[in-house]
Amino acid sequence: MPSFGLRRMTAIQAELDALNARLGEAEALLGTDAAKPLLSLRKTLDSLCPQITFVGQVKAGKTALVNALSGRPGLLPSDVNPWTSVVTSIQVNGQRPRNVRSEFTFFQRDEWEDLVKEGGRLGEMARRAGAHDELAEIRRQVNAMCEKSRARLGRNFELLLGQRHKYDHFDTALIERYVCLGDPEEDGADRQGRFADITRLAKLYIDEPAYPLPLLFQDTPGVNDPFLMREQITLKSVRGASLCVVVLSAAQALNAVDLALVQLLSSMENRRVIIFVNRIDELDRPETQVAEIRRSLTRTFDSQSLGGIGHIIFGCARWAEAALTGGLEQLRPDSRASLVRVVEAVGNADTPVNAQTAWIASGLPALQEAIGTIVEQTSARRVVEHVRRKLGNLVMGAANQALARCEAGEAPRSRLSPDELEARLHGLRLDTETQLAGASGDILARFDADIADITAAFIDQSLLALTDAFAQGVAGREKLDPMFLRTRTRVIYARAVRDARVMNDAAGQSASDALNAIYGALIGEDAGNLTVEPPQAPHMPPPVSLGRTILIDMQTPWWKSWLGRHRTPEALEQTYRPLIEIEVKGITEDVRACIETALEETTAAMALFLEEQGQIAAAIAERNAIQTASLAETRRLVAALRQLHGRIRGESDKALPPAGAKVMEFRNAV
């Protein structure tokens, strides 16, 4: 695989290598006394494997794009039946289970039973709305699908639910057995699609030397789903992602079906989203139409309050696959003609059309560079900063203990007794807990009040639209806009995220100042040269429940019929208001749970920080310092630890080179 789109990832790996080197220096200085925490920090660095989740409409080219990014054209089948619900992951490099190259996880029994008995999320909404005929039809379709599954698997069907199959290899036949729906009449245990109905997750492990970082590419089933089962699976996948790549087809960029993607995007930070417009070879004039599509996308995003998505990339996975296989001559004539026009637009009439220029024109290098940029700003930055702070505090603590030993060999200085130290540490813990509890309560109370106002305004707005529709005689054909609720809730959530970070920083700074004062009292003025750093604020996941379909999103005949059956506005309001309140409550409660979890993690991280520092301070007070052969050796250790601490702190200020590889990204040509 060509490497000229990987400059950003290479810089990230260089930063990780530098931090690993600092861990090695600390191991050499501290020996067995710090072996366990240093090993834990090294494992944290080694476990970094950013997850890149691909979402989009079925047949937008997600799978072909994932295959090309993995350097394995044709690895995953791109003709997966739209009814399958498999999330397929490819882990590139990094840690993997021993002797495992592929694993396939089946649905849990309760997930399957919910679909069978209740019709999934769609059945839940139909039941809540009292649409009994429609619910019966949903169940009929689900039961038909289930009977086909039982026919394929026979008596093994029930036994397989909740299980996992692992292999030390993979090939096309094996993958298709789990992710592609085949012919139910076909015989044989190895037939295509044998387990596809009940497979929830497929994961492959590959090695690709071109990538400097381990990565996890996750291909989701899409969002246009008859029973909304795939929607729920996709939302869960997005929750844990470092970033999300939304794949659109150039010929149908952001059509009516893809508005479900806009709904999904409403739950994510703009900086974690990349829009990849695939299949530009299907455009009549890609060299000019790309600019038009970009403007159209930008207008749509702005109209939905989703402006600010910084990465909109155009390309063609087919060209990338052809570049990797050397099969440019096998491209369809119209696709090759489009490639020639794009290469000429990016370069000039003399620019050759070869594997390198096809790879660049495919948009893959620009996509790789954008992925590297976002990973550096999000998951990699969090891991690096976490390890750097923990390592700096560990080295600082060791240096302070060594300083205490130096003092013990010289004239004694003023220091705290163990009892005095415990009293100060106990007071610090109580003050910090009180500060965090008060701030957390304020954040949640503000969220609750704002959500109540937004929910009431949204329901009133919807009822007004319905009342107007009744007055005009068009009941059941009105257009309600749930994006108002989503965008406003997103703003409220973002404010809670900001307030949580402020809370963490304020409490952390207060605790650090108090700890530094304690160290000063224990050791003297030398402690002022080594300061402790508070933990960073925990990551708050995207409120993906904002992307979940609710009744008002439905444009199905049964929902419109339900609205039209109410003869008066009063009758409609009587049933509509509690119905929508329940739907909205399900979303807002999930969002609130995200905030609560993050606040609890903040409190737990601060408590652990204070416990660790308390143990270091107690060791100093008890004169339980690092043992060295002589006072002179101890002084040399202090000097070495101070130098290492300075290097660790200093490297936090180093910035990676500016984003933007020197690749021919198509947008620069128009």
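Residues numbered from 1 in each chain as written. Predicted model: local features only at pLDDT ≥ 70, side-chain atom pairs only at ≥ 80, totals over all residues. Heavy atoms only, no water.

What about the sheet that holds strand E2 (residues 87-92)?
Note the following rule: Strands pair, by our definition, only if DSSP identifies at least two bridges between them. Secondary structure is summarised from DSSP: a helix means a run of H or I of at least four residues, a strand means a run of E of at least two, and numbering begins at the N terminus for each. Here an axis means a line fitted to C-alpha atoms, over the contact stretch when the element is a helix, while the angle between two N-to-C directions is reported on a 0 to 180 degree scale.
The strand order across the open sheet built from 9 strands is E4-E3-E5-E2-E6-E1-E7-E8-E9, with neighbouring strands paired in mixed fashion. For this open sheet the edge positions go to strand E4 (164-167) and strand E9 (311-314), each flanked by a neighbour on one side alone. Geometrically, the sheet is characterised by an average inter-axis angle of 20 degrees between neighbouring strands, direction not taken into account. Pairing of strand E1 (residues 51-56) with strand E6 (residues 215-219) involves 4 bridges; the strand directions are parallel. Along E6, the bridge assignment pairs Phe-54 with Asp-219.

Here's the deal with the environment of Val-87
Worth spelling out the cut-off: Three exposure classes are used, based on accessible area relative to the maximum for each residue type with a 1.4 Å probe and protein chains only: buried under 20%, partly exposed in between, and exposed over 50%.
If you trace the backbone, Val-87 turns up in strand E2. A relative accessible area of 3% places Val-87 in the buried class. Separated by 18 residues in sequence, Val-87 and Thr-105 place their C-alpha atoms 9.8 Å apart.

Things to note about the packing of helix H3 (residues 62-69) against helix H12 (residues 317-325)
The line we're drawing: Less than a right angle of anticlockwise turn of the near helix away from the far helix marks a crossing as left-handed, whereas a clockwise turn marks it as right-handed. By definition in these notes, contact holds between two residues if any of their heavy atoms fall within 4.5 Å. For this classification, the nonpolar set comprises Ala, Val, Leu, Ile, Met, Phe, Trp, Tyr, Cys and Pro, the charged set comprises Asp, Glu, Lys and Arg, and every other residue, Gly included, is treated as polar.
Across the interface, H3 lies against H12 with an axial gap of 9 Å and an inter-helix angle of 35 degrees. The chirality of how H3 crosses H12 is left-handed. Where H3 abuts H12, its residues Ala-64, Leu-65, Asn-67 and Ala-68 lie against Ala-317, Ala-320, Glu-321 and Leu-324. Of the residues belonging to the contact of H3 with H12, the class tally is 6 nonpolar, 1 polar and 1 charged.

Quick notes on the pattern of salt bridges
Formally: Salt bridge, as used here, is a side-chain nitrogen of Lys or Arg placed within 4 Å of a carboxyl oxygen of Asp or Glu.
Taken as a whole and judged by the stated rule, the model has 25 salt bridges. Between Glu-376 and Arg-381 there is a salt bridge whose closest N-O contact spans 2.5 Å. For Glu-376, a relative accessible area of 9% puts it in the buried group. Take Arg-381: its relative accessible area is 24%, and that puts it in the partly exposed class. The partner of Asp-450 in a salt bridge is Arg-495, and the shortest N-O contact between them spans 2.3 Å. Placement of the pair is Asp-450 in helix H17 (residues 418-471) and Arg-495 in helix H18 (residues 483-523), with a sequence separation of 45 residues. A network of salt bridges, in which partner residues are shared, links Arg-8, Glu-15, Glu-376 and Arg-381.

Things to note about unusual backbone geometry
With a phi angle near 65 degrees, Asn-93 is a residue other than glycine that sits in the positive phi range. Structurally, Asn-93 is set in the loop between E2 and strand E3 (102-106). Note on Asn-93: relative accessible area 15%, which makes it buried.

Structural notes on the packing of aromatic side chains
Given two aromatic rings, one states the distance between the centres and the angle between the planes to describe the pair. Stated formally: Note on ring pairs: Phe, Tyr and Trp rings are taken, using the six-membered ring of Trp, and paired if centres are within 6.5 Å. Classes follow the plane angle, with under 30 degrees stacked, over 60 edge-to-face and the rest tilted.
With the rule as written, the count across this model stands at 8 aromatic pairs. Taking the centre distance of 4.0 Å and the plane angle of 10 degrees together, the rings of Phe-104 and Tyr-178 count as stacked. Here the residue Phe-104 occupies a position in strand E3, and Tyr-178 occupies one in helix H8 (residues 172-179), the gap between them amounting to 74 residues. Accessibility assignment for this pair places Phe-104 and Tyr-178 in one class, buried.

Examining helix H11 (residues 286-303)
To keep things clear, this is the line we draw: By this rule, a helix spans an expected 1.5 Å times one less than how many residues it contains.
Over its 18 residues, H11 runs 25 Å from end to end, which matches the ideal 26 Å to within 8%, given 1.5 Å per residue. Burial in H11 covers these residues: Pro-286, Gln-289, Val-290, Ala-291, Ile-293, Arg-294, Leu-297 and Phe-301. Ser-305 sits one or two positions beyond H11 and adopts a positive phi of about 60 degrees.

Some thoughts on the side chain of Glu-533
The criterion, for reference: A 3.5 Å cut-off defines polar contacts: any pair of N or O atoms within that distance qualifies, except that in protein one atom must be a possible hydrogen donor and the other a possible acceptor, and neighbouring residues in sequence count only when both atoms are side-chain atoms.
On the secondary structure map, Glu-533 appears in the loop between H18 and helix H19 (557-564). For Glu-533, a relative accessible area of 13% puts it in the buried group. In terms of polar contacts, Glu-533 uses its side chain to reach the side chain of Arg-388, at 3.0 Å. With residues near it in sequence (within four places) discarded, Glu-533 still touches Arg-388, Arg-389, Asn-393, Ser-512, Phe-609 and Arg-649.

Things to note about H3
An α-helix turns once every 3.6 residues. As a result, residues three or four positions apart point the same way. Burial analysis of H3 places 8 of its 8 residues in the buried class, the great majority of the element. Taken together, the buried positions of H3 are Lys-62, Thr-63, Ala-64, Leu-65, Val-66, Asn-67, Ala-68 and Leu-69. In the segment just after H3, Gly-71 is the residue with positive phi, at about 75 degrees.

What to know about the environment of Ala-250
Following the sequence through the fold, Ala-250 ends up in the loop between strand E7 (243-249) and helix H10 (259-265). In this structure Ala-250 comes out as buried when scored by relative accessible area, which is 5%. Considered as a pair, Ala-250 and Leu-283 are 33 residues apart in the sequence and their alpha carbons are 7.0 Å apart.

Structural notes on the confidence of the model for the protein
Parts of the prediction with low pLDDT should not have their coordinates interpreted in detail. Rules: The predictor rates its confidence in each residue with pLDDT, a number between 0 and 100.
Looking at the protein, pLDDT values average 80 and 77% of them are 70 or higher. Of all the helices and strands in the protein, helix H5 (residues 120-128) carries the lowest mean pLDDT, 55, while E4 carries the highest, 96. This model gives residues 182-189 a pLDDT under 50, and the stretch forms 9 contacts once residues within four places in sequence are excluded. When the criterion is pLDDT under 50, residues 655-670 qualifies, and its contacts beyond four places in sequence or with other chains add up to 43 contacts.

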